[in-house]
Amino acid sequence: SILESRFKSGKIASVDFNALEPRLCLKLNNKDTEGDIYNLINNMLEYDDIDRSVIKRAIISVLYGAHYSSLKNISPEKAKEIFDCIKEMFGINNILEISKNIDPLGIRRNYFGRPLWNLEEDKEHILINNYIQSSAVDIALTYFTELVKEVDNNLAVPLYILHDAIIFDVSDEYSNNFVNIIKNGYNNDKLGKFPLKIEIFNHN
């Protein structure tokens, strides 16, 4: 709300990835889905009383190494089943092995080959998180670089980056073109397609 467009009737737009890190985990295990990941897992578990937000929190907890007891207001049995389902679906054990690997030069690297300076680290959840977050950042920054080149920077001005989101000031006349570009998603040459989402914060 503190941002105002430089354009008459312009819009401030945030473009970010739809569940980037979970989708990356799936792709690293040769799985994929263009649908809602959280609803997909919820449907697999067939729990009528588990909200989508609980599944989302559980996925984040698994990727950050939290224990299933961190899921509040549900039974330990259900929490463990949810965690086990997520770990299997996202191939957490496989990603652990990848994240522990040290190449012939004595370096751990993310998916794109960027060094991870964590050779002294032995906590499994930190190794997994370092690998996933580092690789996800590279996906986001690569796309943002391409996006800035693709759009008309006279009508869609990039303002700043916030983790896996990029904020634009978009003129009203260009807004439909801009939205259509975002709807195409990002097709990474190694990992395939990642869906995107756009949020309009305010307009004058």
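Reference entry: report on the structure contained in this document.

The rules we used
Residues numbered from 1 in each chain as written. Predicted model: local features only at pLDDT ≥ 70, side-chain atom pairs only at ≥ 80, totals over all residues. Heavy atoms only, no water. Helix = DSSP H or I, 4+ residues; strand = E, 2+ residues; numbered from the N terminus. Polar contact = N/O pair within 3.5 Å; in protein donor to acceptor, adjacent residues only side chain to side chain. Buried < 20%, exposed > 50% of the residue type's maximum accessible area, 1.4 Å probe, protein only. Pairing = 2+ DSSP bridges. Phe/Tyr/Trp six-rings, centres within 6.5 Å; stacked < 30°, edge-to-face > 60°. Axes fitted to C-alpha atoms, helices over the stretch in contact; angles between N-to-C directions. Parallel < 35°, antiparallel > 145°, perpendicular 65-115°, else oblique. Left-handed = near helix turned anticlockwise from the far one by under 90°. Contact = heavy atoms within 4.5 Å. Salt bridge = Lys/Arg side-chain N within 4 Å of Asp/Glu carboxyl O.

## Remarks on the environment of Ser69
Mapped onto the secondary structure, Ser69 falls in the loop between α3 (52–63) and α4 (76–89). Along the primary structure Ser69 and Lys80 are separated by 11 residues, whereas in three dimensions their C-alpha atoms are 7.8 Å apart. Within the structure, Ser69 has its side chain in polar contact with the side chain of His67 (distance 2.9 Å).

## Remarks on the pairing of strand β5 (residues 165–170)
Of all six residues in β5, six are buried; the element is thus mostly enclosed. Relative to β5, strand β1 (residues 11–17) is paired through six bridges, and the arrangement is antiparallel. Opposite Ser14, over in β5, you have Ile167 as the bridge partner. As judged from the six bridges shared by strand β4 (residues 156–162) and β5, these two strands associate in the antiparallel manner. Its bridge partner lying in β5, Tyr160 is registered against Ile167. Taken together, β4 and the strand that follows it, β5, pair antiparallel across an intervening segment of two residues, in which His163 is found at a positive phi of about 55°.

## Observations regarding the packing of aromatic side chains
One pass over the structure, following the stated rule, counts eight aromatic pairs. Ring geometry for Phe17 and Phe194: centres 6.3 Å apart, planes at 80°, overall edge-to-face. In this pair, Phe17 is assigned in strand β1 and Phe194 in strand β7 (residues 192–194), connecting sequence segments 177 residues apart. The pair Phe17 / Phe194 is uniform in exposure class, with both members buried. A network of ring pairs unites the aromatic residues Phe17, Tyr143, Phe144, Tyr186 and Phe194 as a single cluster.

## So, the packing of helix α2 (residues 37–45) against α4
Each pair of packed helices can be summarised by the angle the axes make with each other and by the distance between the axes. Contact pair α2 / α4: the axes reach a minimum separation of 11 Å and the direction vectors enclose 120°. By the criterion of interaxial angle, the relationship of α2 to α4 is oblique. Here α2 and α4 pass one another in a crossing that is right-handed. Seen from α2, the contacting residues are Leu40, Ile41, Met44 and Leu45; seen from α4, they are Glu81, Ile82, Cys85, Ile86 and Met89.

## Structural notes on the pattern of salt bridges
Any two side chains of opposite charge can pair, so long as their charged atoms come close to each other. Counted according to the given criterion, the structure contains seven salt bridges. Arg6 is the salt-bridge partner of Asp169, the closest N and O atoms lying 2.9 Å from each other. Note that Asp169 is positioned in strand β5 and Arg6 in the segment before β1, a separation of 163 residues in sequence. Across the salt bridge formed by Lys80 and Asp84, the nearest N and O atoms sit 2.9 Å from each other. One end of the pair is Lys80 and the other is Asp84, both in helix α4 and four residues apart, which spans about a single turn. Overall, the relative accessible area of 38% leaves Lys80 in the partly exposed class. When its relative accessible area of 35% is taken as the criterion, Asp84 is described as partly exposed.

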